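Listed below, chain by chain, are the residues.
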Amino acid sequence: MIRQSPPETLRLVVDLNRCQSYGQCVYAAPTVFRFHGEESLEYDYAPDASTRHEVERAAAACPVQAITLSGATEASPLSSRQDQ
Amino acid sequence: MTTTTPCSATDLFTHVLRHGNRADPYPYFAQMRQQPVARMDDGTWLVSGYHEIAQLLHDPRISADRLNPQDAARPAARSLLVQDPPNHDQLRRLVTQEFIPRIMGMRDHIHAVVTQLLDAHTTPQPGQLDVVAELAYPLPVTVICELLGVPREDEPVFGSLARRLTRGLDPVDTQTDEEIHELQQARTELVQYLEVLIQQRHTAPGDDLLSGLMFSQDPSGGMGPVDLRVTLGLLLIAGHETTVNLIANGTLALLRNPEVLARLRNDPALATPLVEEVLRYDPPVQMSGRSTLADIDIAGTTIPKGARVRLVLAAGSRDAKRFPDPDRFVPDRPDNAHLGFGGGLHYCIGATLARAEAQIALTALARRLDSPRLVADPPPYRENTILRGPEHLMVSFDRLTPDVQAN
Amino acid sequence: MGPAGRGSVGRIVVVGASLAGLRAAEALRDEGFTGDLTLIGDEPHEPYDRPPLSKAVLSGWLTTDHTVLPRVRNIDARWLLGSAATGLDVPGRQVALADGRRVDFDRLLIATGTHARPWPERAGGGLHGVHVLRSRDDADRLRAALLSGPRRVLVIGGGFTGGEVASACRDLGLNVTVTQRSGAPLASALGGVIGRVAADLHRDAGVDLRLNTTVHALEGDPAGRLRRARLSDGTVLPAEVAVVATGAVANTEWLADSILAADHRGVRCDGACRALAADGTVVEDVFAAGDVARWPHPLFPGHPLRLDHWDNAVAQARTAAHNMTHDPLDHRIHQPLPAFWSNQFGVNLKSVGLPTIADQVVVTQGSFDQHRFVAAYGQRGRLVGAVAVDSPRVLNGYAALIEARAPFPPVLNAPDGPAQLDPVDAEFPHRASPEHSVTRDSSPHIPATAGPVLTAHQ
C-alpha cells in the first residue's frame, strides 16, 4: 500500500544516560533544550518545525552523540490504525 | 605506508614533531595506534586509541596538570586548562556564565563579518585568495576582540602575542633556548598589556566579556587579577590560534573533495555535520596533555602514577575501532563523536563559537568562490605541532561573487 | 551480516508499544527481517517517553503530546494500539487481545513493561485525588490535579519517582509531604548514606519529609474525594492529592496461563533474552526485553536482574531483535553495565553499576555539602557501582573501573577527593534476598514472599 508521507515533523529524543550535560545543545537550540539547575537537561521531544536547523546543529554538536532525530517517513501509528 | 620494523613510540613521535611531516602526520598516527598506549623513552606516555583516550578524558585518576618540571618557563599562575577540580570548576563556571550568553545568537553577526571580509576581494575576474590571511585568521580574531573588548587598533599587538605564545604549547624539548626566552618575553608583554586593559575596565566597565569576568555576580565573586590575566591569555590564544586552523583545514578538505564542495554549495545545511567531520578528520588541536594520579591499567599495560600523558586526539579520531572507514572524509558522517574538542571536564568552552564561525565561513567560501582550486597542495604549514594548521592557503578561482543570498 | 535463513521471514509480534517495543521493531528491520511485523499496545497513544512525565510535564514545561518518541526508521508494521494483550497460547502461537481478536505469530517479543503499584482499594485507593504516575494519561490527570490548587500534596514513597514528583510540586509552589518507610529517600536504590543527602535536597526545597513513616489509610469525604491521610506515627495529614509512588509491578498478568516463568517480578529469560518456562527450559521463539524482562547478568552472578532503566530497554530490545533473527549460535548475550539517572530538586543524579548489591560506600570526589560529588560502592572488596551527583562528566571513568572489576576502595587520588578514602556501611535496608529487581522505586532487597515493598496498613 502506498501512503502519502505525513507532513514533515520534527521529533527527537536524548539518551540521558549517555548525556554528560556539556550544554552544546542548549547553546545551539535554546528554545528546545534547557538546563533545570546546573546539570539537569530538559528538552522538547516535538519542537516546532521552524527550529529544525537549530535542532540539527544541536544534534551534530553533541559531544557524546546522545541526540536522535526522527528518520521515519511513514505515517504515524495512529493514522494507520484505522486501516487495519 | 608499509614498514617491516615497527617504529618505537619515541621514533613515531619524533616523526610527528618534524616540520617536514606537518602536512600529513596521519600515517604516523596510524602506526602509533598499533600500540594505543605506549611509553616513550623520556617517560611520557602516548595514547592514540579512541577508546583509551575517551577513558582517560573521564578518568578520576587523571590530572590536567602536566607535571612538567623541566619547563623552566612554566608560569606561576595557571589557566583553567591545566587546573583540576575544584579550582577548575569554579573558574570554568565563571567563564561559562559570562562567555556563553555573549556568543549565543551571534550567528548573524558572524555572517556579517564573513561577508565583509570576502566582499573586500569580490571580483568578476580570475584571482587568488589566501584563505588563512583573508578569512580564517581575521574572522575569529575580530570576534574574540569584540567579545573581550580589545580595541580594534590593538589587534595587531594582540595577534602577534598570540602567535608567539602558541609556540610555547609545543613540547618544551622541541624548542630552542632562544625560543623559550622569547616565550617568557611574550608572556611579560602580554601581562603588561592586559594590566592596562584591566585597569581601564576598573574605572570604566563596559558590557564586554572582560568587564563581565571582573564584575561577575556569581556567589563566588568575580575573578581576581591573576586568574583574570591568565584566563584572558587563554581566551586570546584560543581565539586566535584554533578556529583559524579549523576553517583552513575545512577549506583544504573541501578543495580536495570537490564533490563535497559542490554539495555544500547547494545545501548550506551540510555545513553542520561537515564541520564535525573536519574536527574529526583534521582537527585544529592535535593533542592534549595530562598526568596520572595513580597507576592506571589500560590496554594491557600500566601507566604508573606520576607519569606525563599525551592524548593524541587527532590519532584517536581516526581509530578504525570507533569510526568506519576513518581515513575517508565523510561530510555527513553519522554518530560522529570525535575528539576534536577534547572531552570530560575540559571540553572546549569555545566549541559553540568555533562551530558557528567555521560553518558560516565554509558555507560562504563554497557559495562565493567560483571553481576554486589549491595553488599548492599541500600548502605550507606553520611550525606548531599541537595547534596545527597551514601558514597560508592560496586558492585560485575564476570569480569571487558577491553574497547573493544572506542566510 | 544478514540474518540466517528463516530469521528474516515469517510473522513477528511485539507485545508492548513503548520504548522497548518500538526500538525492537526498528532493530528487527535493521537486522533484515522482512516478514510481517505487528506491534500491540494497550494505550491508545503512539510510543512516548516516560521520564519527562514526572518532571517537565508536571512542572508544566511540556504537554504530554510533546513527549512522543521519534521513530528512527520506517518499519512497515501493523499497529494494534489501544488493545491490551490478555492471553498467550505458546503451543498455538497466538496472542489474545482484550477486544477478542487473536493474533498469530511465529516469533514473539514480550515488552509489556510495568505498571505503577496501585494503592489498595480498602485503604482509600478508589478516592478521587489518589494518583499513580506511569502513563501519559496518569500524567495528564495528575497535572490537572496539581493545577487545581491543592492545599497539600502527599507523595507516598521516597524513591526516584516520589522525589521527582515532590520536586515538580515545589517548582509549582505547592505544599508537599513525602512519606518514606525507611530512614532516607532513595535508601533502597542508593543506601542510607547517600539517602541522607537526598533527604537534605528534599528539605532544602521545602518538602515536609516524613521518614520511617508509612500511610495507614487515605480517607475521603462523602463525595469520595481525598481529604486526609492517616500516617503510621498517628498523624492525620490533610491532603487533596496523593501520589502513590511505591514501585512498579511487571505487566505479566496476561501470561498467567501460559507456560512461561512469569510473575509480578517479571518474565524470566536467559542471557539471550529467550523466555524460560517454569522448569527453567528455554521456550522456543518467545523473547522478552525491557522493564519486564528478568535475566542473569554475567557481571553480577547470582542476581537475576530486572532493570527498569531507559537505556536497558533500548539495549535489550536491540539484543532481542538480533537474536530473534539469528540462529542460537549467533546469539548475543545481554550484559550492559546498568545505568540510570534522575533529575530532582535541580540536581542531576546518575548511577552506573549496581549500587544495590554493595555493602560499603565512599565519597571519592567532591563534597556532600555542595551537593556535587561522586560516591563509589563496593561489595566484598570489589567496585560494583558509582553515583554522581551534579558530576555527569566523570562517571564514565568509574564505569570502566567497574567493568574491569577494580578493587574497592579504588585507588584514585582524585584532586577533588579526600586525602584518604574511608568506606562506611552503605546502609541498605532489608539486606536479605539474593533476588534483584533493580528498579527506580521498589526495594530490591525484599524477599519475594514479603509482598509489596510499601503499602497500606497490613
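Rules behind the numbers
- Residues numbered from 1 in each chain as written.
- Chains lettered and ligands numbered in written order.
- Predicted model: local features only at pLDDT ≥ 70, side-chain atom pairs only at ≥ 80, totals over all residues.
- UniProt positions renumbered as here; feature names shortened; annotations may be inferred.
- Helix = DSSP H or I, 4+ residues; strand = E, 2+ residues; numbered from the N terminus.
- Buried ≥ 20, exposed ≤ 12 C-beta atoms within 10 Å, placed from the backbone.
- Contact = placed C-beta atoms within 7 Å.
- Rg over C-alpha atoms; globule rule 2.2 N^0.38 Å.
- Pairing = 2+ DSSP bridges.
- Axes fitted to C-alpha atoms, helices over the stretch in contact; angles between N-to-C directions.
- Nonpolar A, V, L, I, M, F, W, Y, C, P; charged D, E, K, R; others polar.
- pLDDT = per-residue confidence, 0-100.
- Left-handed = near helix turned anticlockwise from the far one by under 90°.
- Expected span 1.5 Å × (residues − 1).
- Domains from an automatic or database assignment.

By the naming in an unreviewed UniProt entry, chain C is FAD-dependent oxidoreductase, taken from Streptantibioticus ferralitis. As its UniProt record puts it under Cofactor (unreviewed entry), chain C is described as follows: "FAD".

Of the regular secondary structure elements, chain A holds 3 helices and 4 strands. In sequence order, the secondary structure elements of chain A are arranged as β-α-β-β-α-β-α. In chain A, which comprises 84 residues, the share counted as buried stands at 45%. Taking the intrachain contacts of chain A between residues at least 6 apart in sequence as the baseline, contacts between residues at least 24 apart amount to 68%.

Bringing the overall build of chain C into the picture now. Scanning chain C from N- to C-terminus turns up 7 helices and 29 strands. Computed over C-alpha atoms, the radius of gyration of chain C comes to 22 Å, within 12% of the 23 Å expected from 2.2 N^0.38 for 458 residues, which places it in the range of a compact globule. With respect to the principal axes defined by its C-alpha atoms, chain C has extents near 60 × 60 × 40 Å. For chain C, buried positions account for 59% of its 458 residues. Long-range contacts, defined as pairs at least 24 residues apart, comprise 65% of the intrachain contacts of chain C with a sequence gap of at least 6.

Before going further, it helps to examine the sheet that holds strand β5 (residues 94-97) of chain C. Residues and elements named next belong to chain C. Taken in spatial order, the 3 strands make up an open sheet running β4-β5-β6, and their pairing is antiparallel. Strand pairing shows two members of the sheet lacking a second neighbour, β4 (85-89) and β6 (102-104), which therefore form its edges. Taking each pair of neighbouring strands and ignoring which way they run, the sheet shows an average axis angle of 20 degrees.

Facing the 15 residues of chain B at the interface are 13 residues of chain A. Within the residue set of the side of chain B that touches chain A, elements represented by two or more residues are α14 (271-281) and α16 (351-368) of chain B. For the side of chain B that touches chain A, the class distribution of residues is 8 nonpolar, 4 polar and 3 charged.

This part is about the environment of E74 of chain A. Within the secondary structure layout, E74 of chain A lies in the loop between β4 (67-69) and α3 (77-81). Sequence separation between E74 of chain A and R11 of chain A is 63 residues, and the spatial gap between their C-alpha atoms is 14 Å.

The predicted model of chain A has a mean per-residue pLDDT of 88, with 85% of residues at 70 or higher. Below pLDDT 50 for its whole length, residues 1-7 of chain A participates in 5 contacts with residues either more than four positions away or in separate chains.

A few words on the environment of V286 of chain C. Structurally, the position occupied by V286 of chain C is in strand β21 (residues 282-288). Using a count of 26 C-beta atoms within 10 Å as the deciding quantity, one classes V286 of chain C as buried.

Residue and element names in this part refer to chain B. Look at helix α8 (residues 155-166) against helix α9 (residues 177-203): their axes get within 9 Å of each other, and the N-to-C directions meet at 145 degrees. Like other packed secondary-structure pairs, α8 and α9 cross with a definite hand, here left-handed. When α8 is examined against α9, the residues V157, L161, R164 and L165 are found in contact with a partner set consisting of E182, L183, A186, R187, E189, L190 and Y193. Here the residues of the contact of α8 with α9 sort into 7 nonpolar, no polar and 4 charged.

Moving on, we get to the UniProt feature "domain: FAD/NAD(P)-binding" (unreviewed entry) in chain C. Under the UniProt annotation, the feature "domain: FAD/NAD(P)-binding" (unreviewed entry) is placed at residues 11-317 of chain C. Overall, residues 11-317 of chain C shows 21% helix and 30% strand. The separation of its end C-alpha atoms is 17 Å.

Now for the UniProt feature "domain: Reductase C-terminal" (unreviewed entry) in chain C. Within this numbering scheme, the UniProt entry marks residues 340-410 of chain C as carrying the feature "domain: Reductase C-terminal" (unreviewed entry). Helix and strand shares over residues 340-410 of chain C are 13% and 51% respectively, and the end C-alpha atoms of the span are 22 Å apart.

Residues and elements named next belong to chain C. Spatially, 4 strands are ordered β18-β19-β22-β23 in an open sheet, and the strand pairing comes out mixed. Both outer strands of the open sheet, β18 (262-263) and β23 (304-305), are each paired with one neighbouring strand and no more. Alignment of strand β22 (residues 293-296) against β23, held across 2 bridges, turns out to be antiparallel. For P296, the partnering residue across the bridge sits in β23 and is P304.

What follows concerns α16 of chain B. One turn of an α-helix holds 3.6 residues; hence residues three or four places apart share an orientation. For α16 of chain B, built from 18 residues, the straight-helix expectation of 26 Å at 1.5 Å per residue is met to within 8% by its first-to-last C-alpha distance of 26 Å. The element α16 of chain B is extensively covered by neighbouring structure, given that 16 of its 18 residues are classed as buried.

Our next topic: the domain arrangement of chain C. Residues and elements named next belong to chain C. Its domain assignment divides chain C into domain 1 (5-115 + 249-330), domain 2 (118-246) and domain 3 (339-444). Computed from C-alpha atoms alone, the centre-to-centre distance between domain 1 and domain 2 is 31 Å. Between domain 1 and domain 2, the contact holds 12 residues from the first and 15 residues from the second. Per-element tally for the side of domain 1 that touches domain 2: the top contributor is helix α2 (residues 56-59), with 3 residues.

Taken together, the contacts link 33 residues of chain C with 30 residues of chain A. With 4 residues, the top contributor of residues to the side of chain C that touches chain A is strand β24 (residues 339-344) of chain C. Residue classes in the side of chain C that touches chain A are distributed as 16 nonpolar, 6 polar and 11 charged.

Residue and element names in this part refer to chain C. One way to put it is that helix α1 (residues 19-30) packs onto helix α6 (residues 310-324) with a least axis distance of 8 Å and a crossing angle of 35 degrees. Helix-helix and strand crossings are classified by hand; for α1 and α6 the assignment is right-handed. Residues L19, A20, R23, A24, A27 and L28 of α1 form the contact with α6, whose own contacting residues are W310, A313, V314, Q316, A317, R318, A320, A321 and M324. Looking at the contact of α1 with α6 residue by residue, the classes come out as 12 nonpolar, 1 polar and 2 charged.

The next subject is the pairing of strand β26 (residues 360-367) of chain C. All names here are of chain C. The element β26 is extensively covered by neighbouring structure, given that 7 of its 8 residues are classed as buried. Examined bridge by bridge, β26 and strand β27 (residues 372-379) share 7 bridges and lie antiparallel to one another. When the bridges of β27 are listed, V362 appears paired with A376. Counting the residues in the hairpin turn of β26 and β27 gives 4 residues, including H371, whose phi is positive at 55 degrees.

Leaving glycine aside, a negative phi is the common case for residues, and trans is the common case for peptide bonds. Of note, the bond from D377 of chain B into P378 of chain B is cis; its omega dihedral lies within 30 degrees of zero at 5 degrees. With respect to the helices and strands, P378 of chain B occurs in the loop between β10 (373-374) and β11 (394-397). Each neighbour pair has its own omega, and for F408 of chain C with P409 of chain C the value is -5 degrees, a cis peptide bond. Tracing the chain through its elements places P409 of chain C in the loop between α7 (395-403) and β29 (424-425). Of note in the backbone geometry, L186 of chain C takes a positive phi value of approximately 65 degrees without being a glycine.

Another aspect to go through is the environment of V132 of chain C. All names here are of chain C. Relative to the assigned elements, V132 resides in the loop between β9 (130-131) and α3 (136-147). On the basis of neighbour counts, which here come to 22 C-beta atoms within 10 Å, the residue V132 falls in the buried class. It is 9.2 Å that separates the C-alpha atoms of V132 and H115, two residues lying 17 residues apart in sequence. If near-sequence neighbours (up to four positions away) are discounted, V132 is found in contact with A116, P118, D138 and V244.

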